[in-house]
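The chain contents come next:
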Amino acid sequence: MVRRDGPAKVTGTATYAYEAEVDNAAYCHLILSTIARGQVTDVDVSAALALPGVLTVLTPGNVEKLAPTDDAELAVLQDGEVAYRGQIVGAVVAETSEIARHAAELVHFTYHVDEHDSIFTTDRDDLYRPKAINPGLEPDTSIGNVGEAVRSAHLTVAETYSTPMVHHSPMEPHATTALWQDDSLVLWESTQSVHSVRTDIAGLFSLDAEAVRVICPYVGGGFGAKGSPHGNVVIAVMAARALPGRPIRLALTRQQMFAIVGYRTPTIQETTVAADRDGRFTALAMAAYGQTSRIKEFVEQTAAPTRMMYAAPNRATSHRIAALDVAVPTYMRAPGECPGMFGPEVAVDELADALGIDPIELRVRNEPEVDPETGKPFSSRNLIACLREGAERFGWADRVAGARDGDWLIGTGVAASVFPAFTLRTTANIRFDHNRYTVELGAADLGTGAWTVLTQIAADALGVPVEQVDVRIGDSAYPFASVAGGSSGTATWGSAILTAADTFRDKYGDDPADGDEAENTFIGTGFEGGPYATYAFGAQFAEVRVHADTGEIRVPRLLGVFAAGRIINPRTARSQFVGGMTMGLSMALHEHSVLDPRFGHVINHDLAEYHIASCSDATDVAAHWIEEDDPHVNRLGAKGIGEIGIVGTAAAIVNAAHHATGIRVRHLPLTLDKLLAGLP
């Protein structure tokens with residue numbers, strides 16, 4: 001089925017948050033701190049207020065007090081403390097966006113500057129063990145005796161791998177239109193969860209949840225950064241409250257996107273894989289290190305996939321964190337699995353090379369019968385099928401080390417991918433009127449295809465043509481829906497629609513009358529899951545070409561084969577897989593947020609210097625899947641597909657580069673300076 005939202009998007013009629021149809025809007029521009037730690041001691045707003053068209057200036061000394069919150073990221077302008085470079089310290093509201101931006105430059109801040117620390121290393125003496133890692137997992141685990149297994153192993157790879165700080169770069173920046181009217185608040189917000197925004201904003205401003213409405217029909221990409229609100233939303237509401245009846249538009253600049261709405265923490269992964277002579281793993285371990293902000297903790301679950309991916313009797317994982325004077329990290333596409341699979345999948349390739357075993361065969365030999373960490377049976381696990389199918393499609397059997405095409409060195413590589421499959425609580429409502437069914441739930445479509453697939457699911461559940469179904473999402477006025485995140489959206493929301501459809505048909509049969517309506521709630525398994533270990537699996541294959549003289553790197557082919565349960569819509573599914581793989585290509589070759597420790601801020605904070613993959617990088621990206629019937633994973637039999645595409649891609653590319661050049665790169669991104677010295 002063709003995307004239902006496609007025509008509106010390509011014709012420019014899809015309305016995004018900043019474009020909400022309101023009259024007489026004013027414009028808000030944020031002011032960010034220019035120091036990394038200290039206090040605002042004085043603010044001079046006189047020059048800004050003297051500028052024609054300026055309506056108000058918000059500073060720490062003149063805004064309303066918010067309700068107490070344990071989320072320091074949202075407690076904006078409540079005092080003059082500065083915790084990181086780029087923190088919100090003020091905002092200007094004016095008649096036009098140009099005036100607001102000009103006036104923001106005229107506000108003068110005086111600071112008391114304290115010494116700051118933004119250097120992330122593993123030899124710090126203040127690293128600590130967090131109480132939990134995202135999403136509430138134990139930070140450390142241990143089974144057996146890794147040390148003894150390593151000492152008695154035939155061969156061990158024990159290396160340090162790293163992934164850099166990277167930033168979400170959605171096409172649509174974070175944006176809000178806010179309107180206070182008659183003691184109620186309407187927010188048009190670019191978000192992955194309208195209900196989370198409503199809950200947080202209502203709490204901060206001491207409002208009943210019913211007094212806040214959040215609307216979000218379309219999102220121009222999120223990738224996790226829009227999973228929960230940030231301080232910019234709070235500022236928009238403050239500005240709207242200061243000018244009741246006047247809509248306020250606030251959109252972050254691209255530079256501001258690198259300062260206040262999250263990023264993926266850099267990771268350092270001390271990874272150990274030990275094996276016997278036949279290549280069977282005797283030990284697997286990862287000590288993972290990351291950073292967080294002093295004002296709010298977020299801990300990437302980097303070592304979590306090491307716990308369940310391969311069989312080994314001895315295993316250990318740990319997480320240690322540095323709390324720095326930096327902005328707060330957050331979820332980014334496939335949190336944990338994406339960075340955390342890089343080290344182990346490169347280490348497995350290194351081990352295969354040292355043992356003289358094909359990398360696919362080595363993975364097959366270490367396939368677990370049950371989840372090694374929990375002992376639960378897998379609801380389905382078709383990783384081997386993905387590897388075999390991918391090898392056939394990619395032409396793996398024809399790979400030759402040291403192949404050349406003129407001045408180009410050619411190599412191929414493989415890596416496995418995984419992402420957990422879980423569902424969350426969601427309520428759906430179904431109503432019949434004038435021979436049409438209307439399905440309502442507060443889900444969000446990030447561009448992933450929810451408008452389309454939820455219509456298909458509803459039509460199938462009700463036994464009617466899709467033309468007879470209207471799905472309404474993206475509004476907190478609709479029943480509660482879980483966040484569009486964790487690759488849980490379609491499985492969760494679709495299961496909620498099935499549950500509501502059962503109730504509707506039980507109540508009214510196949511011949512409902514106008515006005516007939518039914519609502520029901522799907523509870524979901526939660527992050528812990530049920531009696532089964534539920535995961536989607538995949539295999540990524542890459543061909544890499546490296547120019548022997550210049551070190552120029554090209555990836556002419558990427559192939560992914562996935563086992564992700566029931567595929568609802570092949571068109572949107574392929575788009576999601578290919579999109580994730582392209583993001584993984586970008587991670588492998590380009591992305592690196594460079595933080596200057598002298599000043600505590602990211603210096604390549606725009607799309608001219610923060611490089612992301614373009615169409616010319618992604619020349620041949622192909623995605624396929626195997627048929628997988630999983631009756632245990634959820635009612636729909638579907639697993640998430642939005643994130644697994646990025647997992648494993650970077651490792652496959654790095655492994656292919658090694659196959660081409662003999663040079664092993666363990667620290668992303670894979671740039672030519674890391675290859676030049678070792679080229680022939």
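Quick note: structure is the one above.
These numbers were taken from a predicted model, which means no experiment stands behind them.

1. A short note on the overall build of the protein
Point 1. Each helix and strand counted, the protein has 15 helices and 26 strands in total.
Point 2. Its C-alpha atoms give the protein a radius of gyration of 26 Å, within 12% of the compact-globule value 26 Å for 680 residues.
Point 3. With respect to the three principal axes, the spread of C-alpha positions in the protein is 75 × 70 × 50 Å.
Point 4. When contacts within the protein are restricted to residue pairs at least 6 apart in sequence, those whose partners lie at least 24 apart make up 81%.
Point 5. Total accessible area computed for the protein in this model is approximately 25500 Å², and 49% of it derives from carbon and sulfur atoms.
Point 6. When the 53 positive and 85 negative side-chain charges of the protein are each reduced to one mean point, those points stand 3 Å apart.

2. Description of helix H3 (residues 97–106)
Point 1. Residues Ala100, Ala103 and Ala104 constitute the buried set of H3. Along the long axis of H3, the arc covered by the buried residues comes to 105 degrees, so they all point the same way. In this structure, H3 carries Glu98 and Glu105 as exposed residues pointing more than 90 degrees from its buried face.
Point 2. Contact partners of the buried residues in H3: strand S1 (26–32), helix H2 (46–49), strand S3 (54–58) and strand S5 (88–94).

3. Focus on the pattern of salt bridges
Think of it this way: side chains of opposite charge can pair up when their charged atoms draw near.
Point 1. Taken as a whole and assessed by the stated rule, the structure comprises 37 salt bridges.
Point 2. A salt bridge links Arg124 to Asp126, with the shortest nitrogen-to-oxygen separation between them at 2.8 Å.
Point 3. A relative accessible area of 15% means that Arg124 is categorised as buried.
Point 4. Among the residues examined, Asp126 registers a relative accessible area of 33% and is labelled partly exposed.

4. Describing the sheet that holds strand S11 (residues 212–215)
Point 1. Sheet architecture is open: seven strands sit in the order S3-S5-S1-S12-S9-S10-S11, paired in mixed fashion. Whereas interior strands pair on both sides, the edge strands pair on one side only; in this sheet they are S3 and S11. Strand-to-strand twist across the sheet, computed as the mean angle between neighbouring axes with direction ignored, equals 20 degrees.
Point 2. Docked against the sheet, H3 engages S1, S3 and S5, running at close to 25 degrees with respect to S1.

5. Section: the pairing of strand S10 (residues 184–189)
Point 1. Looking at chain direction, strand S9 (residues 175–181) and S10 are connected through six bridges and run antiparallel. If you follow Trp180 over to S10, its bridge partner there is Leu185.
Point 2. In this structure, S10 lies alongside S11, joined through four bridges in parallel fashion. Bridge pairing in S11 places Val186 opposite Arg213.
Point 3. Chirality of the crossover, the property in question, places the unit of S10, helix H5 (residues 194–204) and S11 among those that are right-handed.

6. What to know about the side chain of Gln468
Point 1. On the secondary structure map, Gln468 appears in the loop between helix H12 (450–462) and strand S20 (469–472).
Point 2. In terms of polar contacts, Gln468 uses its side chain to reach the backbone carbonyl oxygen of Asn435, at 3.1 Å.
Point 3. Setting aside its immediate chain neighbours within four residues, Gln468 contacts Phe432, Asn435, Arg436 and Tyr437.

7. Quick word on the sheet that holds strand S6 (residues 108–113)
Point 1. Read from one edge to the other, the open sheet built from three strands follows the order S4-S2-S6, with strand pairing classed as antiparallel. Lying at the two open borders of the sheet, with one neighbouring strand each, are strand S4 (81–82) and S6.
Point 2. Across two bridges, strand S2 (residues 38–44) lies against S4 in antiparallel orientation. Bridge pairing in S4 places Gln39 opposite Glu81.

8. Thoughts on the nonpolar core
Point 1. Grouped together as the largest cluster of nonpolar side chains are 185 residues, with contacts concentrated most on Ile235, Phe281 and Ile653.
Point 2. Ile235 has contacts with Cys28, Leu30, Leu58, Val76, Leu77, Ile88, Ala91 and Leu250, leaving out every residue within four places of it along the chain.
Point 3. Ranked by size, the runner-up nonpolar core spans 17 residues in total, among them Leu51, Ala94, Ala104 and Val107.

9. Overview of the side chain of Asn232
Point 1. Tracing the backbone through its elements, the reader meets Asn232 in helix H6 (residues 231–242).
Point 2. A relative accessible area of 1% places Asn232 in the buried class.
Point 3. Setting aside chain neighbours within four positions, we find Asn232 in contact with Leu30, Ile88, His174, Thr176, Leu250, Leu252, Ile260 and Val261.

10. Examining the packing of aromatic side chains
The relative placement of two aromatic rings is captured by the distance of their centres and the angle of their planes.
Point 1. Here the structure, examined in full by the defined rule, presents 19 aromatic pairs.
Point 2. With centroids separated by 4.2 Å and ring planes inclined at 5 degrees, the aromatic side chains of Phe562 and Phe577 adopt a geometry described as stacked. In this pair, Phe562 sits in strand S23 (residues 553–563) while Phe577 sits in helix H14 (residues 570–589), placing the two residues 15 residues apart along the sequence.
Point 3. Under the relative-accessibility criterion, Phe562 is labelled buried at 0%.
Point 4. An aromatic cluster of three or more residues is present, and its members are Phe432, Tyr437, Phe504 and Tyr508.
Point 5. Here the guanidinium or amino end of Arg557 rests over the ring plane of Phe394, the centre of that ring lying 3.9 Å away.

11. Some remarks on the packing of H14 against helix H15 (residues 649–661)
Point 1. Between H14 and H15, the least distance of the axes is 8 Å, while the angle of their chain directions is 50 degrees. When the interaxial angle is binned, H14 and H15 end up oblique. The crossing of H14 and H15 is right-handed. In this structure, H14 contributes Met581, Gly584, Leu585, Met587, Ala588 and Leu589 to the contact, and H15 contributes Thr649, Ala650 and Ile653.
Point 2. Its residues assigned to classes, the contact of H14 with H15 comprises seven nonpolar, two polar and no charged.

12. With respect to unusual backbone geometry
Point 1. Geometrically, the link from Asn134 to Pro135 is a cis peptide bond, its omega value of -5 degrees lying close to zero.
Point 2. Considering the arrangement of structural elements, one finds Pro135 in the loop between S6 and strand S7 (141–143).
Point 3. Residue Pro669 follows Leu668 across a cis peptide bond; omega there is 0 degrees.
Point 4. Inspection of the secondary structure assignment puts Pro669 in the segment after H15.
Point 5. One non-glycine residue with positive phi stands out, namely Leu77, at about 60 degrees.
Point 6. For Asp183, which is not glycine, the phi dihedral falls at a positive 60 degrees.
Point 7. Structurally, the position occupied by Asp183 is in the loop between S9 and S10.
Point 8. The class for Asp183 is exposed, based on a relative accessible area of 70%.

13. Quick word on the environment of Val469
Point 1. Structurally, the position occupied by Val469 is in strand S20.
Point 2. Since its relative accessible area comes to 0%, Val469 is described here as buried.
Point 3. Put simply, Val469 and Ala458 are eleven residues apart on the chain and 7.3 Å apart in space, counted from C-alpha to C-alpha.
Point 4. If we ignore the near neighbours within four places in the chain, the residues touching Val469 are Arg4, Arg436, Tyr437, Val439, Thr455, Ala458, Ala459 and Val464.

Conventions and cut-offs
- Residues numbered from 1 in each chain as written.
- Predicted model: local features only at pLDDT ≥ 70, side-chain atom pairs only at ≥ 80, totals over all residues.
- Heavy atoms only, no water.
- Helix = DSSP H or I, 4+ residues; strand = E, 2+ residues; numbered from the N terminus.
- Rg over C-alpha atoms; globule rule 2.2 N^0.38 Å.
- Contact = heavy atoms within 4.5 Å.
- Areas by Shrake-Rupley, 256 points an atom, 1.4 Å probe, with all protein chains shown as cover.
- Lys, Arg positive; Asp, Glu negative; His and termini not counted.
- Charge placed at Lys NZ, Arg CZ, Asp CG, Glu CD.
- Buried < 20%, exposed > 50% of the residue type's maximum accessible area, 1.4 Å probe, protein only.
- Arc of directions from axis to C-beta.
- Salt bridge = Lys/Arg side-chain N within 4 Å of Asp/Glu carboxyl O.
- Pairing = 2+ DSSP bridges.
- Axes fitted to C-alpha atoms, helices over the stretch in contact; angles between N-to-C directions.
- Right-handed = clockwise from strand over helix to strand, strands pointing away.
- Polar contact = N/O pair within 3.5 Å; in protein donor to acceptor, adjacent residues only side chain to side chain.
- Core = buried A, V, L, I, M, F, W, Y, C linked by side-chain atoms within 4.5 Å.
- Phe/Tyr/Trp six-rings, centres within 6.5 Å; stacked < 30°, edge-to-face > 60°.
- Lys NZ or Arg CZ within 6 Å of the ring centre and 35° of its normal.
- Parallel < 35°, antiparallel > 145°, perpendicular 65-115°, else oblique.
- Left-handed = near helix turned anticlockwise from the far one by under 90°.
- Nonpolar A, V, L, I, M, F, W, Y, C, P; charged D, E, K, R; others polar.

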